[in-house]
Amino acid sequence: MARKPRSDAKLRNLPPDQRTALTDWLVDEGISYEAAKKRLKSEFGVSTSYGAVADFWQKECFSLRFRKARGVAEEIVGVMRESENDFDEATLTAIGQRAFNLAVAKDADVGELVNLVKVIGESKKLQLQSDKLSLEKRRVRMLEKKAAKLDQLTNDLDTDDGLTPEERLQKIREGLLI
Amino acid sequence: MTSRQFLIRRALLKGLLNSKPYVVLGAHLQSSLALDVPRLTPTEFDAEIAACEQDRYILSVQQDRGLSYTIRVEGEAWLLNNAA
(Lines give C-alpha, C1' and ligand atoms only; values in the text may rest on other atoms or scores of the structure.)
Protein backbone atom coordinates (compact mmCIF):
# COMPACT_ATOMS: atom_id res chain seq x y z
CA MET A 1 0.00 0.00 0.00
CA ALA A 2 1.40 3.38 -1.02
CA ARG A 3 2.20 5.67 1.89
CA LYS A 4 0.95 9.21 2.02
CA PRO A 5 3.89 11.57 1.33
CA ARG A 6 5.16 13.51 4.34
CA SER A 7 3.77 16.99 4.37
CA ASP A 8 7.23 18.35 5.17
CA ALA A 9 8.94 16.54 2.26
CA LYS A 10 11.45 19.13 1.09
CA LEU A 11 11.30 18.55 -2.65
CA ARG A 12 7.51 18.35 -2.78
CA ASN A 13 7.33 21.70 -1.02
CA LEU A 14 9.77 23.55 -3.22
CA PRO A 15 8.56 26.88 -4.66
CA PRO A 16 6.70 26.23 -7.96
CA ASP A 17 9.50 27.58 -10.19
CA GLN A 18 12.13 25.40 -8.50
CA ARG A 19 9.85 22.39 -8.58
CA THR A 20 9.22 22.94 -12.31
CA ALA A 21 12.94 23.32 -12.90
CA LEU A 22 13.68 20.05 -11.08
CA THR A 23 10.95 18.27 -13.06
CA ASP A 24 12.35 19.64 -16.33
CA TRP A 25 15.88 18.48 -15.46
CA LEU A 26 14.70 14.98 -14.66
CA VAL A 27 12.10 14.58 -17.40
CA ASP A 28 13.35 16.66 -20.33
CA GLU A 29 17.09 16.67 -19.80
CA GLY A 30 17.13 13.19 -18.27
CA ILE A 31 19.91 14.03 -15.82
CA SER A 32 20.84 11.54 -13.09
CA TYR A 33 19.59 11.78 -9.51
CA GLU A 34 23.13 12.59 -8.40
CA ALA A 35 23.42 15.41 -10.96
CA ALA A 36 19.98 16.75 -9.96
CA LYS A 37 21.05 16.72 -6.32
CA LYS A 38 24.19 18.74 -7.12
CA ARG A 39 22.27 21.15 -9.34
CA LEU A 40 19.67 21.76 -6.65
CA LYS A 41 22.48 22.71 -4.28
CA SER A 42 24.33 24.94 -6.77
CA GLU A 43 21.33 26.70 -8.32
CA PHE A 44 18.84 26.93 -5.47
CA GLY A 45 20.96 26.21 -2.40
CA VAL A 46 18.75 23.23 -1.56
CA SER A 47 20.52 20.33 0.12
CA THR A 48 18.83 16.99 -0.38
CA SER A 49 19.59 13.30 -0.62
CA TYR A 50 19.83 10.91 -3.56
CA GLY A 51 16.85 9.01 -2.15
CA ALA A 52 14.72 12.13 -1.92
CA VAL A 53 15.36 12.92 -5.60
CA ALA A 54 14.53 9.32 -6.52
CA ASP A 55 11.33 9.57 -4.47
CA PHE A 56 10.44 12.85 -6.18
CA TRP A 57 10.90 11.20 -9.59
CA GLN A 58 8.71 8.26 -8.65
CA LYS A 59 5.90 10.37 -7.22
CA GLU A 60 6.01 13.53 -9.29
CA CYS A 61 7.68 12.86 -12.59
CA PHE A 62 6.97 9.35 -13.70
CA SER A 63 3.58 10.28 -15.10
CA LEU A 64 5.41 12.82 -17.21
CA ARG A 65 6.99 10.03 -19.21
CA PHE A 66 4.40 10.89 -21.86
CA ARG A 67 6.00 14.30 -22.16
CA LYS A 68 9.42 12.71 -22.54
CA ALA A 69 8.12 10.25 -25.14
CA ARG A 70 6.53 13.11 -27.03
CA GLY A 71 9.89 14.90 -27.01
CA VAL A 72 11.65 11.84 -28.43
CA ALA A 73 8.98 11.45 -31.15
CA GLU A 74 9.17 15.13 -32.06
CA GLU A 75 12.95 14.91 -32.28
CA ILE A 76 12.75 11.96 -34.65
CA VAL A 77 10.11 13.65 -36.82
CA GLY A 78 12.21 16.82 -36.88
CA VAL A 79 15.26 14.95 -38.14
CA MET A 80 13.19 13.10 -40.75
CA ARG A 81 11.61 16.35 -41.90
CA GLU A 82 15.03 17.89 -42.53
CA SER A 83 16.43 14.80 -44.24
CA GLU A 84 16.99 14.61 -47.98
CA ASN A 85 14.11 12.18 -48.38
CA ASP A 86 10.91 14.01 -49.08
CA PHE A 87 8.56 12.46 -46.51
CA ASP A 88 4.93 13.56 -46.72
CA GLU A 89 3.01 14.72 -43.63
CA ALA A 90 1.06 11.46 -43.33
CA THR A 91 4.29 9.44 -43.21
CA LEU A 92 5.86 11.81 -40.70
CA THR A 93 2.76 11.58 -38.49
CA ALA A 94 2.83 7.79 -38.65
CA ILE A 95 6.55 7.69 -37.83
CA GLY A 96 6.00 10.13 -34.95
CA GLN A 97 3.16 8.05 -33.53
CA ARG A 98 5.18 4.83 -33.79
CA ALA A 99 8.17 6.47 -32.13
CA PHE A 100 5.90 7.80 -29.38
CA ASN A 101 4.40 4.35 -28.76
CA LEU A 102 7.87 2.83 -28.57
CA ALA A 103 9.15 5.50 -26.23
CA VAL A 104 6.18 5.33 -23.90
CA ALA A 105 6.11 1.53 -23.65
CA LYS A 106 6.96 0.49 -20.11
CA ASP A 107 9.87 -1.69 -21.12
CA ALA A 108 10.95 0.46 -24.05
CA ASP A 109 14.59 1.26 -24.47
CA VAL A 110 14.57 5.00 -25.09
CA GLY A 111 18.31 4.70 -25.71
CA GLU A 112 17.53 2.67 -28.84
CA LEU A 113 15.33 5.45 -30.13
CA VAL A 114 17.98 8.03 -29.40
CA ASN A 115 20.44 5.83 -31.30
CA LEU A 116 18.02 5.78 -34.21
CA VAL A 117 17.95 9.57 -34.19
CA LYS A 118 21.73 9.61 -34.10
CA VAL A 119 21.91 7.23 -37.09
CA ILE A 120 19.54 9.46 -39.03
CA GLY A 121 21.60 12.45 -37.99
CA GLU A 122 24.81 10.70 -39.08
CA SER A 123 23.35 9.90 -42.49
CA LYS A 124 22.50 13.56 -42.82
CA LYS A 125 26.09 14.48 -41.98
CA LEU A 126 27.32 11.97 -44.57
CA GLN A 127 25.04 13.56 -47.16
CA LEU A 128 26.51 16.98 -46.34
CA GLN A 129 30.05 15.59 -46.63
CA SER A 130 29.15 14.02 -49.96
CA ASP A 131 27.79 17.36 -51.20
CA LYS A 132 30.97 19.07 -50.04
CA LEU A 133 33.09 16.49 -51.87
CA SER A 134 31.12 17.03 -55.10
CA LEU A 135 31.73 20.77 -54.85
CA GLU A 136 35.42 20.17 -54.25
CA LYS A 137 35.63 17.88 -57.30
CA ARG A 138 33.90 20.51 -59.42
CA ARG A 139 36.37 23.12 -58.19
CA VAL A 140 39.33 20.89 -59.06
CA ARG A 141 37.89 20.23 -62.56
CA MET A 142 37.53 23.98 -63.14
CA LEU A 143 41.09 24.63 -61.93
CA GLU A 144 42.40 21.88 -64.22
CA LYS A 145 40.53 23.39 -67.16
CA LYS A 146 41.94 26.82 -66.33
CA ALA A 147 45.48 25.42 -66.01
CA ALA A 148 45.14 23.66 -69.40
CA LYS A 149 44.05 26.91 -71.05
CA LEU A 150 47.00 28.75 -69.50
CA ASP A 151 49.35 26.03 -70.77
CA GLN A 152 47.85 26.44 -74.23
CA LEU A 153 48.32 30.22 -74.03
CA THR A 154 51.95 29.87 -72.96
CA ASN A 155 52.54 27.53 -75.90
CA ASP A 156 50.89 29.95 -78.32
CA LEU A 157 52.98 32.84 -77.02
CA ASP A 158 56.19 30.81 -77.25
CA THR A 159 55.55 29.72 -80.84
CA ASP A 160 54.03 32.91 -82.23
CA ASP A 161 56.95 35.34 -82.76
CA GLY A 162 54.98 37.73 -84.96
CA LEU A 163 53.12 39.34 -82.04
CA THR A 164 53.87 42.86 -80.88
CA PRO A 165 54.51 43.35 -77.14
CA GLU A 166 51.03 44.96 -76.83
CA GLU A 167 49.35 41.99 -78.51
CA ARG A 168 51.27 39.58 -76.27
CA LEU A 169 50.18 41.58 -73.22
CA GLN A 170 46.56 41.54 -74.44
CA LYS A 171 46.71 37.75 -74.91
CA ILE A 172 48.15 37.26 -71.44
CA ARG A 173 45.39 39.45 -69.96
CA GLU A 174 42.70 37.47 -71.80
CA GLY A 175 44.31 34.25 -70.65
CA LEU A 176 44.27 35.34 -67.00
CA LEU A 177 40.59 36.27 -67.27
CA ILE A 178 39.52 32.83 -68.45
CA MET B 1 -17.86 12.59 -8.36
CA THR B 2 -15.81 11.15 -5.51
CA SER B 3 -12.38 12.54 -4.67
CA ARG B 4 -10.84 9.33 -5.99
CA GLN B 5 -12.64 9.66 -9.32
CA PHE B 6 -11.44 13.26 -9.42
CA LEU B 7 -7.87 12.10 -8.82
CA ILE B 8 -8.10 9.48 -11.58
CA ARG B 9 -9.64 11.95 -14.04
CA ARG B 10 -7.00 14.56 -13.40
CA ALA B 11 -4.15 12.06 -13.81
CA LEU B 12 -5.72 10.65 -16.96
CA LEU B 13 -6.25 14.04 -18.62
CA LYS B 14 -2.81 15.26 -17.53
CA GLY B 15 -1.18 12.23 -19.15
CA LEU B 16 -3.07 12.78 -22.39
CA LEU B 17 -2.26 16.48 -22.40
CA ASN B 18 1.44 15.67 -22.02
CA SER B 19 1.15 13.33 -25.01
CA LYS B 20 -0.64 15.71 -27.36
CA PRO B 21 -0.68 15.52 -30.42
CA TYR B 22 0.04 11.78 -30.16
CA VAL B 23 -2.59 9.26 -29.14
CA VAL B 24 -1.88 6.97 -26.17
CA LEU B 25 -2.61 3.26 -26.13
CA GLY B 26 -5.09 2.27 -23.42
CA ALA B 27 -2.59 -0.16 -21.88
CA HIS B 28 0.12 2.51 -21.67
CA LEU B 29 -2.32 4.97 -20.18
CA GLN B 30 -3.48 2.49 -17.58
CA SER B 31 0.04 1.51 -16.51
CA SER B 32 1.02 5.14 -16.16
CA LEU B 33 -2.11 6.01 -14.19
CA ALA B 34 -1.41 3.13 -11.84
CA LEU B 35 1.72 4.97 -10.73
CA ASP B 36 -0.21 8.13 -9.96
CA VAL B 37 -3.27 6.56 -8.44
CA PRO B 38 -2.66 3.99 -5.68
CA ARG B 39 -4.33 0.61 -6.24
CA LEU B 40 -6.06 1.60 -9.46
CA THR B 41 -8.25 -1.24 -10.63
CA PRO B 42 -9.04 -2.01 -14.30
CA THR B 43 -12.71 -1.40 -13.53
CA GLU B 44 -11.99 2.08 -12.17
CA PHE B 45 -9.86 2.83 -15.20
CA ASP B 46 -12.50 1.62 -17.66
CA ALA B 47 -15.23 3.52 -15.83
CA GLU B 48 -13.26 6.76 -15.91
CA ILE B 49 -12.44 6.34 -19.59
CA ALA B 50 -16.13 5.80 -20.34
CA ALA B 51 -17.13 8.83 -18.24
CA CYS B 52 -14.54 11.05 -19.91
CA GLU B 53 -15.68 9.94 -23.36
CA GLN B 54 -19.27 10.63 -22.43
CA ASP B 55 -18.35 14.11 -21.18
CA ARG B 56 -16.38 14.64 -24.42
CA TYR B 57 -13.12 15.20 -22.53
CA ILE B 58 -11.29 12.54 -24.51
CA LEU B 59 -11.52 10.92 -27.92
CA SER B 60 -10.86 7.25 -28.62
CA VAL B 61 -9.22 6.04 -31.81
CA GLN B 62 -8.98 2.43 -32.97
CA GLN B 63 -5.38 1.61 -33.88
CA ASP B 64 -3.72 -1.59 -35.01
CA ARG B 65 -2.52 -2.22 -31.44
CA GLY B 66 -5.83 -1.43 -29.76
CA LEU B 67 -7.87 1.53 -28.58
CA SER B 68 -5.91 4.72 -28.12
CA TYR B 69 -6.91 8.03 -26.61
CA THR B 70 -6.30 11.72 -27.02
CA ILE B 71 -7.52 14.76 -25.09
CA ARG B 72 -10.16 17.13 -26.49
CA VAL B 73 -10.41 20.86 -25.93
CA GLU B 74 -13.13 20.25 -23.35
CA GLY B 75 -10.72 18.02 -21.43
CA GLU B 76 -8.03 20.69 -21.51
CA ALA B 77 -10.54 23.20 -20.17
CA TRP B 78 -11.48 20.83 -17.34
CA LEU B 79 -7.78 20.48 -16.45
CA LEU B 80 -7.33 24.24 -16.42
CA ASN B 81 -10.28 24.62 -14.09
CA ASN B 82 -9.04 21.85 -11.82
CA ALA B 83 -5.30 22.46 -11.75
CA ALA B 84 -3.45 21.05 -8.77
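Everything quoted here is computed from the prediction, not taken from an experiment.

### Re the overall build of chain A
A count of helical and extended segments in chain A gives seven helices and zero strands. Tracing chain A from N to C terminus, the helices and strands come up as α-α-α-α-α-α-α. A buried classification covers 14% of the 178 residues belonging to chain A. Pairs at least 24 residues apart make up 55% of the contacts formed inside chain A by residues separated by at least 6 positions.

### Describing the overall build of chain B
Within chain B, the regular secondary structure consists of four helices and three strands. Counting helices and strands in the order they occur from the N terminus, chain B gives α-β-α-α-β-β-α. Out of the 84 residues belonging to chain B, those deemed buried represent 32%. Of the contacts made within chain B by residues no fewer than 6 positions apart, 57% connect residues no fewer than 24 positions apart.

### Observations concerning helix α2 (residues 26-36) of chain B
Among the residues making up α2(B), those that are buried are H28(B), L29(B), S32(B) and L33(B). The buried residues of α2(B) occupy an angular sector of 130 degrees when the element is viewed end-on, so they sit on one face. Residues of α2(B) that are buried make contact with α4 (65-82) and α5 (89-104) of chain A together with α1 (3-19), β1 (24-25), α3 (42-54) and β3 (66-71) of chain B.

### What about the nonpolar core?
As a rule of thumb, nonpolar side chains are buried together in soluble globular proteins. Core analysis: the biggest nonpolar cluster contains 36 residues, and A69(A), A73(A), F100(A), A103(A), L12(B), L16(B) and V24(B) have the highest contact counts within it. Residues in contact with L16(B), not counting those within four places in the same chain, are V24(B), I58(B), Y69(B), T70(B), I71(B) and G75(B).

### Structural notes on the interface of chain B and chain A
Of the residues lining the interface, 15 residues belong to chain B; the matching set on chain A comes to 16 residues. When contributions to the side of chain B that touches chain A are tallied by element, the ones reaching two or more residues are α1, β1 and α2 of chain B.

### Here we look at the pairing of β3(B)
All names here are of chain B. In this sheet, β3 lies alongside β1 in antiparallel orientation, the contact comprising two bridges. Across the sheet, L25 pairs through a bridge with S68, a residue of β3. Pairing of strand β2 (residues 58-63) with β3 involves six bridges; the strand directions are antiparallel. The residue of β3 that forms the bridge with Q63 is G66. If you look at the hairpin formed by β2 and β3, you'll find two residues sitting between the two strands.

### Section: the packing of helix α1 (residues 16-29) of chain A against helix α2 (residues 33-44) of chain A
All names here are of chain A. Put simply, α1 and α2 touch, their axes get as near as 11 Å, and they point 145 degrees apart. Handedness of the α1/α2 crossing: right-handed. In contact with Q18, L22, W25 and L26 of α1, α2 contributes A36, R39, L40 and F44.

### Points about the sheet that holds β2(B)
Taken together, three strands build an open sheet; the order of strands is β1-β3-β2 (chain B) and the sheet is antiparallel. Where the open sheet ends on each side, the last strands, each with one partner, are β1 and β2 of chain B.

### Considering the confidence of the model for chain B
Taken over all residues, the pLDDT of chain B has a mean of 90, while the share at 70 or more is 99%. The secondary structure element of chain B with the lowest average pLDDT is α2(B), at 85, and the one with the highest is α3(B), at 95.

### Regarding the environment of F44(A)
All names here are of chain A. Along the chain, the position of F44 falls in helix α2. Given 15 C-beta atoms within a 10 Å radius, F44 is considered partly exposed. Each C-alpha atom of the pair F44 and Q18 lies 7.5 Å from the other, and the pair is 26 residues apart in sequence.

### Let's talk about the environment of F87(A)
Its location among the elements puts F87(A) in the loop between α4 and α5. Not counting residues up to four positions away in its chain, the partners in contact with F87(A) are M80(A), R81(A) and L92(A).

About the criteria used
- Residues numbered from 1 in each chain as written.
- Chains lettered and ligands numbered in written order.
- Predicted model: local features only at pLDDT ≥ 70, side-chain atom pairs only at ≥ 80, totals over all residues.
- Helix = DSSP H or I, 4+ residues; strand = E, 2+ residues; numbered from the N terminus.
- Buried ≥ 20, exposed ≤ 12 C-beta atoms within 10 Å, placed from the backbone.
- Contact = placed C-beta atoms within 7 Å.
- Arc of directions from axis to C-beta.
- Core = buried A, V, L, I, M, F, W, Y, C linked by C-beta atoms within 7 Å.
- Pairing = 2+ DSSP bridges.
- Axes fitted to C-alpha atoms, helices over the stretch in contact; angles between N-to-C directions.
- Left-handed = near helix turned anticlockwise from the far one by under 90°.
- pLDDT = per-residue confidence, 0-100.

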